[in-house]
Amino acid sequence: MDERIRKIDEQLLAHDWGKLTKVTLDYQRNDGRWQRMSREVYDHGSAAAMLLFNPARETVLLVRQFRYPVLENGDNPDFLEVCAGLLDGEAPEIAAMREALEETGHAPTDIRHICDIYASPGSLTEKCHLFIGHYDEATRQTAGGGIEAEGEEIELVELDLAEALTMIADGRILDAKTVVLLQNLAMTWR
Ligand SMILES: Nc1nc2c(ncn2[C@@H]2O[C@H](COP(=O)(O)OP(=O)(O)O[C@H]3O[C@H](CO)[C@@H](O)[C@H](O)[C@@H]3O)[C@@H](O)[C@H]2O)c(=O)[nH]1
Ligand SMILES: [Mg+2]
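Throughout, residues of each chain are indexed from 1 in the direction in which the sequence is written. Each chain gets a letter, beginning with A, and each ligand a number, beginning with 1, in the order they are written. Where totals are concerned, whole chains, interfaces and linings use all residues; where local detail is concerned, this predicted model gives features only for residues with pLDDT of at least 70, and gives and counts side-chain atom pairs only at 80 or more. Side-chain measures were taken over the full set of non-hydrogen atoms in the model, leaving aside hydrogen atoms and water.

Undergrad: So what's going on with the site of ligand 1? Residues and values would help.
TA: Surrounding ligand 1, one finds 14 residues, the nearest of these being Leu-86, Glu-126, Glu-150, Glu-152 and Lys-177. Throughout this description, a polar contact denotes any pair of N or O atoms lying within 3.5 Å of each other; where both atoms belong to protein, one of them has to be capable of donating a hydrogen while the other can accept it, and for residues adjacent in sequence the pair is counted only when both atoms sit in side chains. Contact between ligand 1 and His-44: an oxygen atom at 3.4 Å from a side-chain N or O atom of the residue. Here Glu-99 contributes a side-chain N or O atom positioned 3.3 Å from an oxygen atom of ligand 1. Its free accessible area being 760 Å², ligand 1 has 65% of it covered by the protein chains. Taken atom by atom, the bulk of ligand 1 overlaps the largest pocket. Where the shell around ligand 1 is concerned, the elements lending two or more residues are strand S7 (83-86) and helix H2 (92-104). In this classification, the charged set is Asp, Glu, Lys and Arg, the nonpolar set is Ala, Val, Leu, Ile, Met, Phe, Trp, Tyr, Cys and Pro, and all remaining amino acids, among them Gly, are polar. In terms of residue class, the shell around ligand 1 is made up of five nonpolar, two polar and seven charged. What makes a residue near a molecule or strand is one non-hydrogen atom of that residue sitting within 4 Å of it. Shrake-Rupley sampling with a 1.4 Å probe provides the accessible areas, and residues are treated as covered by the protein chains on show and by no other component. The way it works is a 1 Å grid over only the protein atoms, where trapped points that fit a 1.4 Å probe form a cavity and open points with protein on both sides within 12 Å along at least five of seven lines form a pocket, and then any residue with an atom within 4 Å of a point lines it. Molecules are considered to sit inside a cavity or pocket once more than half of their atoms lie within 2 Å of its grid points. A run of H or I in DSSP counts as a helix once it spans at least four residues, and a run of E counts as a strand once it spans at least two, with each numbered from the N terminus.

In structure tokens form, the structure reads like this:
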């Protein structure tokens, strides 16, 4: 562990689907003084996400699904995102490929790793590994839509890349991993 940190106490607040822990720690500031603080940490594992891009048509394939925490915060809960999911013990590129297939029905090609992100480093342990892959008529295997038994109901949304970028600017796309991937594609494509 980091030598600026002394863990004083760890309290398990909840351990159901994910694990919520309250940690009390002493943190050594840059001037050498020790400061006691308390932090709640939510751990549901790390994740992988993939932006599906069709270079010939300059379109992207996104997924729309109901996100309850977004509703709690007063936004439209029918949330537009790139396909993504938890690693469940798999390597990030394998998990990204599995989620692309489950959620969109496509087995993408030309997969590139872009970067990794923490979307909420103050509270979540989740690191999300980001990829871009290509899709077209030939990569479709199934209808997609997610796993009904797990409560997933996923609508496929195909957009021109230019339209997706406009939707970031006007607030119709609010998901962090999706913004990062679309902007990376816009910067690197052509
Ligand atoms: N019982 C239960 N099941 C849950 C809960 N939260 C999620 N699930 C189940 O776990 C599945 C998770 O689906 P994935 O596709 O693996 O993950 P995701 O929710 O799409 O994406 C995760 O990673 C993204 C990338 O960082 C995140 O953006 C997203 O918030 C989430 O953490 C959901 O379909 C749902 O069945 C919960 O609180 N309780
Ligand atoms: Mg998912």
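Next comes the rest of the account.
Undergrad: A description of the UniProt feature "domain: Nudix hydrolase" (unreviewed entry) in the protein chain should follow, citing residues and the corresponding values.
TA: UniProt positions are given in the numbering used here, feature names are shortened, and annotations may be inferred rather than shown by experiment. The positions that UniProt labels "domain: Nudix hydrolase" (unreviewed entry) are, in the present scheme, residues 43-181. Regarding residues 43-181, the helix share stands at 24% and the strand share at 34%, and the terminal C-alpha atoms are separated by 24 Å.

Undergrad: Got a sec to walk through the layout of surface pockets? Specific residues and values, please.
TA: Grid points are joined across faces, edges and corners, and a volume is the space filled by probe spheres set on the points. In this model, the largest pocket occupies a volume close to 1400 Å³. What lines the largest pocket is a set of 38 residues, and nearest its centre among them are Trp-17, His-44, Arg-67, Glu-81 and Leu-86. Looking at the lining of the largest pocket, the elements with two or more residues in it are strand S5 (59-66), helix H1 (68-72), strand S6 (78-81), S7, H2 and helix H4 (176-188). Among the elements that take part in the lining of the largest pocket, H2 stands out by supplying four residues, more than any other. Each residue belonging to the lining of the largest pocket can be placed in one class, and the counts come to 18 nonpolar, six polar and 14 charged. Forming the boundary of the second largest pocket are 14 residues, of which Val-23, Leu-25, Arg-39, Val-41 and Pro-121 lie nearest the centre.

Undergrad: Explain the sheet that holds strand S2 (residues 19-28) to me, using residue names and the numbers behind them.
TA: Think of it this way: DSSP has to see at least two bridges between two strands before they count as a pair. Reading across from one edge, S1-S2-S3 is the order of the three strands in this open sheet, with antiparallel pairing throughout. The open sheet has two free edges, formed respectively by strand S1 (5-15) and strand S3 (34-43), since each of these has just one partner strand. Each adjacent strand pair in this sheet contributes to an overall mean axis angle of 20°, direction not counted. One ladder, built from 10 bridges, connects S2 with S3; its direction is antiparallel. Among the inter-strand pairings, Leu-25 is bridged to a residue of S3, identified as Met-37. To obtain each axis, a line is fitted to C-alpha atoms, and for helices this fit is confined to the stretch in contact; angles are then taken between N-to-C directions over 0 to 180 degrees.

Undergrad: Now, about the nonpolar core: what can you tell me, with residues and values included?
TA: Among buried residues, those of type Ala, Val, Leu, Ile, Met, Phe, Trp, Tyr and Cys that are joined through side-chain atoms within 4.5 Å constitute a nonpolar core. The cut-offs for exposure are 20% and 50% of the maximum accessible area for each residue type, with area from a 1.4 Å probe on protein chains only; residues under the lower value are buried, those over the upper are exposed, and the others partly exposed. Counting residues in hydrophobic clusters, the biggest one holds 25 residues, and the most contacted among them are Leu-51, Val-60, Leu-62, Leu-159, Ile-173 and Leu-182. For this core, the secondary structure elements donating two or more residues are strand S4 (47-54), S5, strand S8 (109-117), strand S9 (128-134), strand S10 (155-160), helix H3 (161-169) and H4. What makes two residues a contact is simply this: any of their non-hydrogen atoms within 4.5 Å. Ignoring anything within four residues of it in the chain, the contact list for Leu-182 reads Leu-51, Val-60, Leu-161, Ala-164, Leu-165, Ile-168 and Ile-173. The next biggest cluster of nonpolar side chains, apart from the first, holds 13 residues, and it includes Leu-52, Leu-61, Leu-87 and Tyr-135.

Undergrad: Break down the UniProt feature "binding site: Mg(2+)" (unreviewed entry) in the protein chain for me, citing the residues and quoting the values.
TA: What UniProt calls "binding site: Mg(2+)" (unreviewed entry) maps, in this numbering, to Ala-84, Glu-99, Glu-103 and Glu-152. A maximum C-alpha distance of 12.2 Å places the annotated residues, which cover 69 residues in sequence, within one compact spot. Taking the annotated residues in turn, Ala-84, Glu-99, Glu-103 and Glu-152 line the largest pocket. Residue placement: Ala-84 occurs in strand S7. Look past the residues within four positions of Ala-84 in its chain and what remains in contact with it is Ala-48, Ala-49, Glu-99, Glu-103 and Lys-177. Summarising the element assignment, Glu-152 is placed in the loop between S9 and S10. When neighbours within four sequence positions are excluded, Glu-152 is seen to be in contact with Glu-103, Gly-145, Gly-146 and Ile-147. Polar contacts involving the side chain of Glu-152 include one to the main-chain amide nitrogen of Ile-147, which spans 2.8 Å.

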